[in-house]
Amino acid sequence: MALVNLLRAGERASAADAAEPGARGAQSARDERDEHVAALIEVRHAGKHYEARGGAQAFSALEDVSLEVGQREFVSILGPSGCGKSTLLRMIAGLAPCDTGSICVGGRRVSEPGEDIGVVFQTSNMLPWLTVGANIRLGAKLRKLPRAQVEARLPALLDTLGLAQFVDRYPHELSGGMRQRAAIGQILLLEPRVMLMDEPFGALDALTRDRLNVELLRIWQQSTLTVLLVTHSIHEAVFLSDRVLVMSARPGHVQHDVKIDLPRPRQPDQTRSDPRYGRYVTELSKMMGVF
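The structure presented is a predicted model; accordingly, all values stated were derived computationally and were not measured.

Reading the values: rules and limits
Residues numbered from 1 in each chain as written. Predicted model: local features only at pLDDT ≥ 70, side-chain atom pairs only at ≥ 80, totals over all residues. Heavy atoms only, no water. Helix = DSSP H or I, 4+ residues; strand = E, 2+ residues; numbered from the N terminus. Contact = heavy atoms within 4.5 Å. Areas by Shrake-Rupley, 256 points an atom, 1.4 Å probe, with all protein chains shown as cover. Buried < 20%, exposed > 50% of the residue type's maximum accessible area, 1.4 Å probe, protein only. Salt bridge = Lys/Arg side-chain N within 4 Å of Asp/Glu carboxyl O. Phe/Tyr/Trp six-rings, centres within 6.5 Å; stacked < 30°, edge-to-face > 60°. Lys NZ or Arg CZ within 6 Å of the ring centre and 35° of its normal. Pairing = 2+ DSSP bridges. Axes fitted to C-alpha atoms, helices over the stretch in contact; angles between N-to-C directions.

As a further point, take the overall build of the protein. When you go through the protein residue by residue, the secondary structure sums to 10 helices and 10 strands. A separation of at least 24 residues holds for 71% of the contacts in the protein among residues at least 6 apart in sequence. For the protein, the accessible area works out to roughly 14200 Å², and carbon and sulfur atoms hold 52% of it.

Shown next, in the form of structure tokens:
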């Protein structure tokens, strides 16, 4: 952690000189907001344990996990395969109970799925017999939101997602990236406070993934969303995030909490050519045991 602290100190000293004027202003406003932000997601000493069944050994997936995510923060979680990242997301979403500790979202203890939390999984899970528009409306329909309210929100959302021209198309007519944008749209239409994303771009090719990273940042910057993203990509985590949490091997717990001091708004060419970007990637790679 000493190396991380030295890295951060050097970055703070040079950040103002390195940033473009517009980006510097955006970062300054965001820093000022973050100083006064309250924790929206609070995980306290949470654990998840699985009993022995059918000859399988009992094991702990997560143990003593503690973390906080502030309002409108973008936080990514890195960790080795099998460390419990997806299980942690499911627990925060209320889809799986924690066996020890507690999880609160917006000051309320999580015991079941809540309307203020949306989850985007690795596959879009769009229903093939419904159009893009019908798929995006599906969550709102199941939640019985007023139709007039839904239809009033939909055009602007489709424009934001770049799907306005494809509203009457079917999933098999879309690319993988477009299907993932539709899946994100289904969540955004519900206007949650928190969006949990479980490796949503992992199955896509590198170029499509990069494009969707940029789209995700644009959508997030235009909203009031708090985002918690599980990813295996160190580059993706650094490019997108305000902070990156690094988890240990199973039983997983948070080992490192690294603040990403890169100016916003971010564009791939500018951000990735910043020397600090490379230093973050290198340091996180060391934490992950890549080298």
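Looking now at helix H4 (residues 132-142). Within the sequence span of H4, burial applies to Val132, Gly133, Asn135, Ile136, Gly139 and Ala140. Next to the buried residues of H4 lie helix H5 (147-161) and helix H6 (176-188). In the stretch just after H4, Lys144 is the one whose phi turns positive, near 60°.

For the rest of this paragraph, the subject is the pattern of salt bridges. Applying the stated criterion to the full structure yields 15 salt bridges. Across the salt bridge formed by Arg44 and Glu68, the nearest N and O atoms sit 2.4 Å from each other. One end of the pair, Arg44, is in strand E1 (residues 39-50); the other, Glu68, is in strand E2 (residues 59-70), with 24 residues separating them in the sequence. A residue is classified by how much of its surface remains accessible, and Arg44, at 31% relative accessible area, is partly exposed. Exposure remark for Glu68: the relative accessible area of 35% places this residue in the partly exposed category. In this structure, Arg243 engages Glu73 in a salt bridge whose closest nitrogen and oxygen atoms are separated by 2.9 Å. Placement of the pair is Arg243 in strand E9 (residues 243-247) and Glu73 in the loop between E2 and strand E3 (74-78), with a sequence separation of 170 residues. Residues Arg243 and Glu73 agree in their burial class; the two are buried. In this structure, a network of salt bridges that share partners links the residues Glu42, Arg44 and Glu68.

On to the environment of Ile260, then. Assignment of secondary structure puts Ile260 in the loop between strand E10 (254-259) and helix H9 (268-273). Overall, Ile260 belongs to the buried group, its relative accessible area being 3%. Sequence-wise, Ile260 and Val238 are 22 residues apart; in three dimensions their C-alpha atoms are separated by 6.7 Å. Setting aside residues up to four positions removed in sequence, Ile260 forms contacts with Val238, Ser241, Asp242, Arg243, Val244, Arg266 and Tyr280.

Moving on to the packing of aromatic side chains. Scanning the entire structure with this criterion turns up two aromatic pairs. Where Phe74 meets Trp220, the ring centres are 5.6 Å apart and the plane angle is 90°; that geometry is what we call edge-to-face. Linking Phe74 in strand E3 with Trp220 in helix H7 (residues 206-221), this pair joins segments that are 146 residues apart in sequence. Classification of Phe74 as buried rests on a relative accessible area of 0%. With a relative accessible area of 1%, Trp220 lands in the buried category. In this arrangement the basic side chain of Lys48 is found over the ring face of Tyr50, its NZ or CZ atom lying 5.7 Å from the centre. A cation sits over an aromatic face here: Arg250 above Phe59, 4.7 Å from the ring centre.

With antiparallel pairing, four strands are arranged side by side in an open sheet as E2-E1-E4-E5. In this open sheet, the two strands that pair with only one neighbour each are E2 and strand E5 (108-109). In this structure, E1 lies alongside strand E4 (residues 100-105), joined through five bridges in antiparallel fashion. Bridge pairing in E4 places Val43 opposite Ile103. Against the sheet, helix H3 (residues 85-93) touches E1, E2 and E4, its axis set at about 120° to E1.

The buried count for E9 comes to five of five residues, which makes it a mostly enclosed element. Side chains Arg243, Leu245 and Met247 project from E9 onto one buried face, and the interleaved Val244 and Val246 project onto a second face that is buried too. Where E3 and E9 come together, four bridges link them in parallel fashion. Considered in E9, the bridge of Ser76 is made with Val244. Pairing analysis gives five bridges linking E9 to E10, with the strands arranged antiparallel. Each residue of the ladder has a partner; that of Met247, found in E10, is Val254.

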